[in-house]
Amino acid sequence: MSVRAAIVSFPGSNCEQDCERVLRGLGAEVVRVWHDATDLGGCDLVVLPGGFAHGDYLRPGAIARFSPVMQAVADHAASGGLVAGICNGFQVLCEAGLLPGALRRNAGLRFICRWVEVRVDNADTALTARAGPGQVLRLPINHFEGNYHVDASTLEAMRRRGRVTLRYVDNPNGSLDAIAGICNDAGNVFGLMPHPERACDPLLGSGDGALLFGSLLDAARGRVAV
Amino acid sequence: MRFAARVEVMPKAGIADPEGQTIERSLPALGYDGVAAVRVGKLITLELEADDADAARARVEDMCRALLANPVIEDYRVSIA
Amino acid sequence: MRFAARVEVMPKAGIADPEGQTIERSLPALGYDGVAAVRVGKLITLELEADDADAARARVEDMCRALLANPVIEDYRVSIA
Amino acid sequence: MSTRTALHRDLGLSDDEYEAIVTRLGREPSYTELAMFSVMWSEHCSYKSSRLHLRRLPTTGPQVLVGPGEGAGVVALAPGVAVAWKIESHNHPSFVEPVNGAATGVGGIVRDVLSMGARPIALLDSLRFGPLEGAARNRYLLEGVVAGISSYGNSIGVPTVGGETSFDPCYEGNILVNVACLGVLEGPPMHARAERPGDVAVLIGAATGRDGIGGASVLASVSFAGGDDAKRPAVQVGDPFAEKLLIEACLELVRGGLLHGLQDLGAGGLTCPASEMTAGSGTGIAVDVDAVHRREPNMEPFEVMISESQERMLAIADEARVAEVLELCDRWGLPARVVGRITAQPRVVVHADDAIVADVPAPALADDAPLYDRPRRRPGWLDELAAAPCGDDPPAELAEAWLALLTSPEHACKRWIWEQYDHMIFLGTVQGPGADAAVIRLPGRDVAAVLSTDGPGRYCYLDPRAGAIAAVAEAARNVACTGARPLAVTNCLNLGSPEDEEVMWQFAEVVDGIAQACTALGTPVTGGNVSFYNATGDRAIHPTPVIGMLGVLDDARHAVGAAFSAPGDAIAVLGDTRAGDFGGSDFAATIHGTLAGRPPEVDLAAEARLASLLHRLAAQRVLTCAHDCSGGGLAVALAECALRSGLGFSVDLAAATAVAEPHRAAFSETPGRVVATCAQDALPDLLRAARAAGVPARAAGVVGGPVMDIGAARLELGAVRDAWEAALPSLLSDTVS
Ligand SMILES: Nc1ncnc2c1ncn2[C@@H]1O[C@H](COP(=O)(O)OP(=O)(O)O)[C@@H](O)[C@H]1O
Ligand SMILES: [Mg+2]
């Protein structure tokens, strides 16, 4: 049975078409959900794509997190459903309190669009299951605010519980602990700054993103079976 | 009644402020020595309706907590005129 | 002597402020009605050495013109403590 | 003189032009009318000095679906696949305020493409600045322009996939910011027309403020007096968020068949589409300025009519469907208001406060601007310059000169710039910045659009016609190196003041050069832009035609890259090398500080042969790398292949060029040459195919190793790579902690 993925977009989101193409290519059934929707149409996986929701004005995600659809996303997460925020989606999840911490301006004070290497810090999550422990993935980043920050005690707890999923091999933006991706304590809500959807076609530079999406779809399928 | 509010949002003490540091580092080259402790935050001004200044302040502080500042990384201060 | 300076940098009147406008337009949906004239600028704090407050102010105003503000589209205000 | 006639001069109109307005109207114009004429008759909007000459450009061909005159040209890329392609300048606004000037430049060209009903999918930026090693302001301008393009392009979700960045003292007081945009059509092209009386005009997008009042006439139609602050109120601030919504809303309106016409509001504000859409259709319009949504109180009708507030489009729709139009815009969170009605009477009538404040024939504004055949004079200094030493003396040390060229801002790695641009969104960037030309696979297809911009200002200074030919040839060659077929050209002609007879001569020569080259290469011109008055005081920039070449690659998977691909590959040089092509060269400028002599002559027939050879070799999968040889000559071209790949090479330059003197073999800039590689065992095939195609080809050496070796000089690749990559960041604010 194919997984039903909802791609939630806000005014100003711009990676939703790319995510849709890639998820369809991996066999998922995709529904697009606009920010003013109040339900997610019974999906197994929610993806918050990249972009500039509400122009990133004030702070990325600050306005978007008030969208009606975010209540549905929170409910989905609370009932154990899978949620993945990519780049701007990660920022929205942090602003919404579904993930700890905040994403600040890159330490270099410039936008960065670049291929980077990230190391899988915990290969035992729904996002990383198809990757091996410590495996290095080649993925692109594309952000101005990807500098992850969280208070010291939370970071300590996250580390202890394996909540850091991906870390930059060569920290491009000043992120605390070189963090590129995290998940919540329940292990069903993920945020990552790199764009896996841009790395699902070797012609464009890498196919490693498919490992991450594939893992999510596996996990969603497991949940469907249950 | 109509009130004018000012909201100052600054990076939390103890959190690095790359923008402030960058300005601080570039000042000597422009001929400004002896400048320190540069921090860069946001200043938001707005007008709102409220019964009195206290009510106005309460509403703006509410907005700060919910929207205008991110408590993980920022402090805010409200003043009403 | 050591002075603390505050610099407020705001978009010039008449110059579009898309950020302020976008925030203003989204406030009602977030439950905040009756808010108007939202403008977003920068607040910069710093410390500097100067002989007296007037000299400190003059230096900071100089810095505003050179670096801290963009006089083409922004106004600035300096206060010294 | 009356106060009113004094006023027209402040608005940039000449006394004769004022008289012409009076003649067209049969009376003195009202204030609002005068303001409307001043923007529509400005050089920027009316092309009054250039139109006569632009007619000489070839504009037709089976591939051209829409030629010049609309928002953007439309070209058939493959059966059933059409793209819109256009370039625009935003030079003066970017000099005044680099961040917002460049940002709004991106916004403007994107709306041009959008007005054709095309989804914008790629941007290229062609930039010119004063020397980075010089005044701090040069660095400030580059940083600001890049930040502006980055903030706007990234936010609207259109990738910036290529461009060029060049430096010369002539641009110090007058930078160039040209931005090209490619869009893909989802249906038949939309048009800027208002053919049906009774239809309504809907203004969609941002509220109108006092932005850029008189921007077109004031900023783009006069030269800078030098540090002139008075022009600053014309500064516009971009809102990429509003633009993103505008893109999505307009595309949905077009897709839903809700529109009869669509045009962007750029220079000239509301007056421009109101008069152009109607004049082109033999209709008129009644505009109600009170209905225009505004950002500021107390705006005068004339201000509303000519404001250049960004992120706005004018849509023409059937009255019966206007509710759907407004509802759709509302869903996208975009303000939209009915601001006018199309009339059978061919007049633009403006109503404000129940009074008529303007009533003019639409064609008078849009079509009947004065047409000038301005005097032209070939500059006397040209012959002297041509006869002067061109800077071809040997360098003290060949390796040092080579390194100096590679680490000069001109050739230094531009990563610092393009890493600030999202160049990947839409999953189509098969080759992005850092390649010879961008290869953009169209969404959901195999076919790719291949794009390059080129504009060799120094060549054009020495000989504008030859320089323009070289620009077209280089742009075509860049596209051909990927294996693509060059198809069509958009161009942005940046020059000094047309009131200067020598500049006007340069302009006419540039046009003739482009016409000649485009005809020979079979790449018609589908649109473009003329930017005059690029001068500070009496110092004009080099005539700088920027050519935007569009090509097609049937299968994006077959794209050939400009980096070496495997150790052991054989290197060949296609095209003959002349020993003396140093006029206007990078070697002469960087090593000798010289700009004199004659620019290299282009053999257009040979260029065409070379392009079709490359196309064939790529289709047969023979090529493993192909890189165009241009500024800096073969030594620089070879080094670029190495620097981009991390693979060194060993080449016998004398054998590859049949030129004995090492510095001539290394740095002469003969056009029509390409560095090509293939597997060793394919080399005989490659050479045979070249011979059969009439393209001179010579085996040159082999890829591999840690050294770049051209026989007469050797450089350590690793060290050079570090210096090449560090050159630009070290000149610019290096803020990474
Ligand atoms: N302003 C820019 N924006 C995007 N890409 C740029 C820019 N400037 C240079 N580049 C990229 O850097 C590479 C080198 O540019 P350039 O030195 O002009 O190349 P060439 O000399 O081969 O024409 C090109 O691939 C170009 O796309
Ligand atoms: Mg080039």
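Our structure's up above, just so we're on the same page.
(A) Local environment of the coordination of the magnesium ion (ligand 2). Residues and elements named next belong to chain D. Distances from the magnesium ion (ligand 2) to its protein donors, Asp454 (OD) and Glu474 (OE), fall at 2.6 to 2.7 Å. Taken together, the positions of aspartate 454 in strand 16 (residues 448-454) and glutamate 474 in helix 19 (residues 464-481) put the pair 20 residues apart, joining distant regions of the chain. Residues aspartate 454 and glutamate 474 agree in their burial class; the two are buried.

(B) The arrangement of the interface of chain B and chain C in detail. Chain B puts 33 residues into the contact, and the matching count from chain C is 30 residues. Between chain B and chain C, roughly 2,600 Å² of surface is buried when both sides are summed, and carbon and sulfur atoms account for 59% of that area. Connecting chain B to chain C are 2 salt bridges. Of the charged contacts, one joins C:Glu8 and B:Arg6 as a salt bridge, the two residues approaching to 3.0 Å between their closest N and O atoms. At the boundary of chain B with chain C, the tally comes to 12 residue pairs in polar contact (both at pLDDT 80 or more). Going through the elements one at a time, strand 1 (2-11), helix 1 (18-26), strand 2 (35-49) and helix 2 (53-68) of chain B are the ones with two or more residues in the side of chain B that touches chain C. Tallying contributions element by element places strand 2 of chain B first for the side of chain B that touches chain C, with 15 residues. Of the residues in the side of chain B that touches chain C, the class split is 17 nonpolar, 4 polar and 12 charged. Direction of pairing for strand 2 of chain B relative to strand 2 (residues 35-49) of chain C: antiparallel, over a ladder of 11 bridges. Counterpart to B:Val40 in the pairing with strand 2 of chain C is C:Ile44.

(C) Representation of the site of ligand 1 in the model. All names here are of chain D. Neighbouring ligand 1 are 16 residues; Asp125, Gly163, Thr165, Gly434 and Ala435 lie closest to it. In this structure, glycine 163 approaches ligand 1 through a main-chain N or O atom, which is 3.3 Å from an oxygen atom. Within the backbone of alanine 435, a nitrogen or oxygen atom sits 2.5 Å from an oxygen atom of ligand 1. When isolated, ligand 1 has an accessible area of 550 Å², and the protein chains bury 90% of it. Secondary structure elements with two or more residues in the shell around ligand 1: strand 4 (118-129), strand 5 (160-167) and helix 17 (415-418). For the shell around ligand 1, the element with the most residues is strand 5, which contributes 4 residues. Taken together, the residues that form the shell around ligand 1 break down as 6 nonpolar, 5 polar and 5 charged.

Calculation rules
- Residues numbered from 1 in each chain as written.
- Chains lettered and ligands numbered in written order.
- Predicted model: local features only at pLDDT ≥ 70, side-chain atom pairs only at ≥ 80, totals over all residues.
- Heavy atoms only, no water.
- Donors = N, O, S within 2.8 Å, 3.2 Å for Na, K, Ca; no water.
- Helix = DSSP H or I, 4+ residues; strand = E, 2+ residues; numbered from the N terminus.
- Buried < 20%, exposed > 50% of the residue type's maximum accessible area, 1.4 Å probe, protein only.
- Contact = heavy atoms within 4.5 Å.
- Buried area = accessible area lost by both parts, 1.4 Å probe.
- Salt bridge = Lys/Arg side-chain N within 4 Å of Asp/Glu carboxyl O.
- Polar contact = N/O pair within 3.5 Å; in protein donor to acceptor, adjacent residues only side chain to side chain.
- Nonpolar A, V, L, I, M, F, W, Y, C, P; charged D, E, K, R; others polar.
- Pairing = 2+ DSSP bridges.
- Near = heavy atom within 4 Å.
- Areas by Shrake-Rupley, 256 points an atom, 1.4 Å probe, with all protein chains shown as cover.

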